Amino acid sequence: QVQLVESGGGLVQAGGSLRLSCAASGLSFSTYDMGWYRQAPGKARVFVATISWSPTGNTVYGASVKGRFTVSRDNAKNTVYLQMNSLKPEDTAIYYCYAKRLRLGVVDDYWGQGTQVTVSS
């Protein structure tokens, strides 16, 4: 049974920082691309960042967070992180961790339950 459990959300003032963690279990973590999406109230879920499974650990960021957020992973701990700096009120959302793998033409993807991030002005 695959589980992704996010932690580290909370309330922070604008300009502050938070680090989200996502602990994965029940899957071969090192073979999955990992990443984050977020969903603000009344809005669609949007892409935040991803880090590839490959040894190079290629990363991609959404335009609104590039330069402020950093995604990383620790395969020994089966955990992916999202360091969020210079937070803005518009970063307020539920942040969801995901795992995704394409193998033999089949996509496996899993999602966490989400963690709330609230940035006050």
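Coordinates for the structure precede this section.
A few points on the structure. If you're wondering where the values come from, they're calculated on a predicted model, not measured in any experiment.

On to the packing of aromatic side chains, then. Using the criterion set out here, one finds five aromatic pairs in the structure. When the centroid spacing of 5.4 Å and the interplanar angle of 70 degrees are considered together, the rings of Tyr37 and Tyr98 count as edge-to-face. Remark: Tyr98 occurs in strand β9 (residues 93–103) and Tyr37 occurs in strand β4 (residues 33–39); sequence separation between them is 61 residues. For Tyr37, a relative accessible area of 25% corresponds to the partly exposed category. Relative accessible area serves as the criterion here: at 8%, Tyr98 is assigned to the buried category. Counting every residue linked through ring pairs, the aromatic cluster contains Tyr37, Phe47, Tyr98 and Trp111. Positioned above the aromatic ring of Tyr96, the side-chain terminus of Arg45 is 3.7 Å from the ring centre.

For the structure on display, the rule yields one disulfide. With its sulfur 2.1 Å from that of its partner, Cys22 forms a disulfide with Cys97. Across the S-S bond of Cys22 and Cys97 the torsion is about -75 degrees, and the bridge reads as left-handed. A residue pair is termed long-range when its members are at least 10 positions apart, and Cys22 in strand β3 (residues 18–25) and Cys97 in strand β9 qualify at 75 residues. Each member of the pair, Cys22 together with Cys97, is buried.

Moving on, we come to the pairing of strand β11 (residues 115–120). Across the two faces of β11 the burial differs, with Thr115, Val117 and Val119 buried and Gln116, Thr118 and Ser120 not buried at all. For β9 and β11, the ladder comprises three bridges, and the chain directions are antiparallel. Looking at the pairing, Tyr95 lines up with Thr115 of β11.

On to the pattern of salt bridges. One pass over the full model with this rule turns up three salt bridges. A salt bridge links Arg68 to Asp91, with the shortest nitrogen-to-oxygen separation between them at 2.8 Å. Linking Arg68 in the loop between β6 (59–61) and β7 (69–74) with Asp91 in the loop between β8 (79–84) and β9, this pair joins segments that are 23 residues apart in sequence. Taking relative accessible area as the criterion, Arg68 reaches 11% and is therefore assigned buried.

Moving on, we get to the environment of Thr59. Along the chain, the position of Thr59 falls in strand β6. Exposure remark for Thr59: the relative accessible area of 36% places this residue in the partly exposed category. Each C-alpha atom, one on Thr59 and one on Val71, is 7.2 Å from the other, the two residues being 12 residues apart in sequence. Beyond its immediate stretch of four places on either side in the chain, Thr59 contacts Thr50, Ile51 and Val71.

Rules behind the numbers
- Residues numbered from 1 in each chain as written.
- Predicted model: local features only at pLDDT ≥ 70, side-chain atom pairs only at ≥ 80, totals over all residues.
- Heavy atoms only, no water.
- Phe/Tyr/Trp six-rings, centres within 6.5 Å; stacked < 30°, edge-to-face > 60°.
- Helix = DSSP H or I, 4+ residues; strand = E, 2+ residues; numbered from the N terminus.
- Buried < 20%, exposed > 50% of the residue type's maximum accessible area, 1.4 Å probe, protein only.
- Lys NZ or Arg CZ within 6 Å of the ring centre and 35° of its normal.
- Disulfide = S-S within 2.5 Å.
- Pairing = 2+ DSSP bridges.
- Salt bridge = Lys/Arg side-chain N within 4 Å of Asp/Glu carboxyl O.
- Contact = heavy atoms within 4.5 Å.

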